[in-house]
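Examination of the molecular architecture
Listed below are the residues making up each chain.
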Amino acid sequence: MPDTQPVAAGISSAPNESRQLHATLDGGVFARHPVRTHLVTAADDAVEVVRRYAQPLDADVVLVAVSERMVAITQGRSHPMVSIHPGRLARLLVRFVTRPGYGIGLGTAETMQLALDEVGAPRILLAAAVSALTKPLGIHGLFYRIAGPQAAAIDGPTSYTIPPYNEAATLGPKDPDGAARSISAAIGAPVTVIDANDAGCNALGVSRGVERRWVERLFADNPLGQAREQTPICVVRRVAWPADEALPPEPRRRINPP
């Protein structure tokens, strides 16, 4: 019979399904422990969620990573799809969007409307125009670069997303650097707010002393997963690896974006 025991909340010593716990980066080995929480809602506070579940933090902890979606949800920035009313421009622009292959992105009129509201129509129109001109030349990815990280961080609903967020669209968090600093001050450890998926990672927010590119390399393979793991936090520890054992692989993104 399948194991139906509930997964304990808190820091896990095992990786999420089909993910790797250990990774090598710049000659060091790091364990990226998923942290399971309750189902976070707008009634929660991101600082308190991290303080509650990401404990204890030992001296070998070098970083605590927090999902941008969790931070955004606690800021009230997740919206049921039925509550979003796309305008004509959103319905027009969505026809030209290539879905990224690891989620919805701005591939629905509703998420496109959120992007227009978030970063403004001129920027989205510029991104769409540049993308239309460069795609025939084999140049991809410029739309999200020009639209910016706040547009790229918008998450649409997917069938594998945990309910009720499988029927909601979520904006990126407001002031992710400020959120990272607040959480860091509360737990006494470096913090980053990440937007990670199977095509890589963006460090949207960092506390003092955290290098964004290092974070993005460490989470390139999306160790927290892409579905219903309910692990929006990751505790990163430096590991003393046995000298006679092969080092774990360096993180690599699992898919290449279109």
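Just so you know, these numbers come straight off a predicted model, no measurement behind them.

By size, the foremost hydrophobic cluster in this structure holds 26 residues, and its most contacted members are V50, V64, V66, M70, I183 and I233. Put simply, the parts of the chain that give this core at least two residues each are α1 (46-53), β4 (61-67), α2 (68-74), α8 (176-187), β7 (191-197) and β9 (233-239). When residues of this core are assigned to their parent elements, the largest contribution, five residues, is made by α1. Ignoring any residue separated from it by four or fewer positions in sequence, one finds I233 in contact with H33, P34, V35, T37, V49, V50, A54, V64, A65, M70 and L224.

What the rule picks out here adds up to two aromatic pairs. Centroid distance F143 to Y144: 5.3 Å. Interplanar angle 80°. Geometry classified as edge-to-face. Across the pair, Y144 and F143 agree in class, each one buried.

On to the confidence of the model for the protein chain, then. Chain-level pLDDT for the protein chain is 91 on average; 94% of the residues reach the 70-or-more range. Taken together, the stretch residues 1-5 has pLDDT below 50 and engages in zero contacts with residues farther than four places along the chain or on a different chain.

Glancing now at the side chain of R32. Looking at the secondary structure, you find R32 in strand β3 (residues 28-36). Within the structure, R32 has its side chain in polar contact with the backbone oxygen of L218 (distance 2.9 Å). Apart from the residues within four sequence positions on either side, R32 is in contact with Q20, L21, H22, A23, L218, D221, P223, C234, V235, V236 and P251.

Turning our eyes to something else, we now look at the environment of Q55. As for its position among the elements, Q55 is in the loop between α1 and β4. With a relative accessible area of 36%, Q55 lands in the partly exposed category. Expressed as a C-alpha distance, the spacing of Q55 and A153, which sit 98 residues apart in the sequence, is 28 Å. Contacts of Q55, omitting those with residues within four sequence positions, involve I11 and I187.

A few words on the packing of α1 against α8. Contact pair α1 / α8: the axes reach a minimum separation of 9 Å and the direction vectors enclose 40°. Seen along the crossing, α1 lies across α8 with a hand that is right-handed. Of the residues in α8, those touching α1 at A46, V47, V50 and R51 are S182, I183, A186 and I187. Among the residues making up the contact of α1 with α8, the classes are represented as six nonpolar, one polar and one charged.

Below, the discussion takes up the pattern of salt bridges. Counting across every chain of the model gives eleven salt bridges. A salt bridge links D26 to R217, with the nearest nitrogen and oxygen atoms 2.7 Å apart. Separated by 191 residues along the polypeptide, D26 in the loop between β2 (22-25) and β3 and R217 in helix α9 (residues 212-218) bring together distant segments of the chain. Bridged by salt links that share partners, the residues R19, D198 and R254 form one connected network.

Cut-offs applied
- Residues numbered from 1 in each chain as written.
- Predicted model: local features only at pLDDT ≥ 70, side-chain atom pairs only at ≥ 80, totals over all residues.
- Heavy atoms only, no water.
- Core = buried A, V, L, I, M, F, W, Y, C linked by side-chain atoms within 4.5 Å.
- Buried < 20%, exposed > 50% of the residue type's maximum accessible area, 1.4 Å probe, protein only.
- Helix = DSSP H or I, 4+ residues; strand = E, 2+ residues; numbered from the N terminus.
- Contact = heavy atoms within 4.5 Å.
- Phe/Tyr/Trp six-rings, centres within 6.5 Å; stacked < 30°, edge-to-face > 60°.
- pLDDT = per-residue confidence, 0-100.
- Polar contact = N/O pair within 3.5 Å; in protein donor to acceptor, adjacent residues only side chain to side chain.
- Axes fitted to C-alpha atoms, helices over the stretch in contact; angles between N-to-C directions.
- Left-handed = near helix turned anticlockwise from the far one by under 90°.
- Nonpolar A, V, L, I, M, F, W, Y, C, P; charged D, E, K, R; others polar.
- Salt bridge = Lys/Arg side-chain N within 4 Å of Asp/Glu carboxyl O.

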